[in-house]
Structures are given as structure tokens and as C-alpha cells.
Amino acid sequence: MSQSGGTQSQALAPGDETGQNFHCDNCQASVTDSVRISCSECAEFDLCTTCFSRGVEIGAHKNDHPYRVVTRPRFPIFTEDWSADEELLLIDGLRQFGMGNWKDAADHVGTKTKEECEQHYMSVYVASDTWPLPNMGRQFDAQFARTSGERRPRQASPAKGKVLSSQPSNHEIVGYMPGRLEFETEHENEAEQVVKDMVINDDDTAEELELKRTVLRIYNAKLDRRLYRKGFILDRGLLEYRKNQAIEKRRPKEERDQLARLRVFSRMQTRDDFEDFSAG
């Protein structure tokens, strides 16, 4: 793939493999955020510009193979301080990690903080006059977005203290996802199965329509029960596993047994009323 091989380079093409990392197949240097030379004949074969200029040949790859020069699309499309590749990485990160998971999305983008990612998404996408699409007609004089383009290193996790006991986390116990306010397995988790393929057609008979309405009423009743139980769990602080476990350990065995028998009444009382009731 050396330039002396007589092969013409194709025009610069933006990287279309959003979220992936690339390394030179010869020296293993990272070419994710810089120009890389991609062989058009050898599958997933990339070289940095240094190895390409030396005419490196590895295995079946020869330096006279046709190639294309790939660079990151750094031009702005929606705002002057966000480049096209950052926009793609943001959307890809939210798709992978879930809407609202700004920390992981920011790590995926690499050049923005979680606050910047959230503010940008809310202003460009959510508050767009053409929602659900952003404003696609903006024009910019600048060829490159006003961004450093340098990927921030991941922040090292703070040093953890000595683990005194092996205890499961809230997620491991109940599968709760606080960023989404949902459980991995919801109450009556199969409720959606009966309506996922339901279609209301124009030629449905009155009996068929009434049957489908009945199924929808049953489904909505299941959703109401699911919301009630979720609200009960959050209101009573039942997800605070370690805190509740520490309180339980300080109680005498007789008191723990008595409270266990009284918990059946908690569904008929508010949190404060039940605490007063059990304290008496």
C-alpha cells in the first residue's frame, strides 16, 4: 500500500464504524482518533501513516493493494462545538447504555463530560423545533467544530476501603436500575406478551373489538398493580439493603420476629402510620 505502488488513494471518507477502536496492524499504535489507511482488499486491515509510508507488507497484504484514507468527521452539523463523529458517538452511546445514562454515554464519546452530553441532547434533540429530529438545515462557516478532539482518559475509580463483608448490591438483589427507575424483572413481567401482537383492524366485528378492549383493560390493570408495588418499594425504602440490614441486626431476636408478623399490615397503612403502629 505504499504510494510508490502506483495505486491512487480514494477521497477522504468519514469513519463509519461508530464507537469502535482501531489499531495499526503492524505497530499496534492507536489510530482511532487520527488518520488511518484502510486496505480495500484485506478485511479489517489498517495501518498508521508511518507504517503506510514505509510500505509495510504483512501476510497476504501487499503494499500495492488499493486503499482508502479514513479520518474522523470533525465538521459541525448541529452546533459549532460538537463534531459529526461526536454526535454519532453520543447517539450510539445512548442506544447502547440506555437513555439518561449520561456518564456511560460521555465515556463512549470520550471528549465530553456527562453534563455536556445531557445539555447538548436536551437542547439539540429534545427542544428542537423539528422534534423528534434535530434541525437539519443549519449551515456553518467553520470547517471543523470547536472541540479539542482529544479523548479524555477514563477517570480512575476512587480507592475503595477494606471490604468487611461480602454483601450483594441492590442490583444483584432485585435487579433495580436507578437510572431508569425500573426493575430487570417487573411485577407480572409477562403482561406485555398478550398485547404485543394485537392489531385493531377496520373490519373487526363488534365481538372482536370488545374482546380486544377487555384484553387491554386487563393489561392496564396489571400495569396499575405494577406501579403500585414499585411505588410501595420506593416509598418504604426497601431498596436500601445495607441500611435495613444494619437496623435489623441491632434489634433483639424477639423484636425481629414480632416485626416480621406485623409487616402484613404495612400494605394498609402509610409509612409513618406503620412505623407508629409497629413502635407501639
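My aim in this report is to walk through the structure given alongside it, one point at a time. These figures come from a predicted structure and were not determined experimentally.

The rules we used
Residues numbered from 1 in each chain as written. Predicted model: local features only at pLDDT ≥ 70, side-chain atom pairs only at ≥ 80, totals over all residues. Heavy atoms only, no water. Helix = DSSP H or I, 4+ residues; strand = E, 2+ residues; numbered from the N terminus. Contact = heavy atoms within 4.5 Å. Areas by Shrake-Rupley, 256 points an atom, 1.4 Å probe, with all protein chains shown as cover. Buried < 20%, exposed > 50% of the residue type's maximum accessible area, 1.4 Å probe, protein only. Patch = residues over 30% accessible without salt bridge, like charges linked within 9 Å, V, L, I, M, F, W, Y side chains within 5 Å. Salt bridge = Lys/Arg side-chain N within 4 Å of Asp/Glu carboxyl O. Lys, Arg positive; Asp, Glu negative; His and termini not counted. Charge placed at Lys NZ, Arg CZ, Asp CG, Glu CD. Core = buried A, V, L, I, M, F, W, Y, C linked by side-chain atoms within 4.5 Å.

1. Some thoughts on the overall build of the chain
(1) Moving on: The helix and strand inventory of the chain stands at nine helices and six strands.
(2) Moving on: The long-range share in the chain, meaning contacts at least 24 apart out of those at least 6 apart in sequence, stands at 60%.
(3) Moving on: Total accessible area computed for the chain in this model is approximately 19,100 Å², and 52% of it derives from carbon and sulfur atoms.

2. Observations concerning the side chain of serine 128
(1) Moving on: Tracing the sequence through the fold places serine 128 in the loop between α4 (114–126) and α5 (170–174).
(2) Moving on: Overall, the relative accessible area of 12% leaves serine 128 in the buried class.
(3) Moving on: Other than its neighbours up to four places away in sequence, serine 128 contacts Ser123, Leu133, Pro134 and Asn135.

3. Here's the deal with a nonpolar patch on the surface
(1) Moving on: On the surface, Val264, Phe265, Met268 and Phe277 cluster together to form a nonpolar patch covering roughly 410 Å² of accessible area.
(2) Moving on: Relative to the assigned elements, valine 264 resides in the loop between α8 (253–262) and α9 (271–279).

4. Section: unusual backbone geometry
(1) Moving on: Despite not being glycine, glutamine 28 shows a phi value in the positive range, around 65°.
(2) Moving on: As for its position among the elements, glutamine 28 is in the loop between β1 (10–14) and β2 (36–39).
(3) Moving on: One non-glycine residue with positive phi stands out, namely glutamate 188, at about 50°.
(4) Moving on: Along the polypeptide, glutamate 188 turns up in the loop between β6 (182–183) and α6 (206–235).

5. Here's the deal with a negative patch on the surface
(1) Moving on: On the surface, a cluster of negative charge is made up of Asp81, Glu115, Glu116 and Glu118.
(2) Moving on: Along the polypeptide, glutamate 116 turns up in helix α4.
(3) Moving on: Using a relative accessible area of 37% as the deciding quantity, one classes glutamate 116 as partly exposed.

6. Topic: the nonpolar core
One recurring pattern in soluble globular proteins: nonpolar side chains tend to sit buried together.
(1) Moving on: Counting residues in hydrophobic clusters, the biggest one holds 14 residues, and the most contacted among them are Leu47 and Cys51.
(2) Moving on: Within the residue set of this core, elements represented by two or more residues are β2, α1 (49–53) and β4 (67–71).
(3) Moving on: Counting 13 residues, the second-largest nonpolar core is a separate cluster that includes Trp82, Leu94, Ala106 and Val109.

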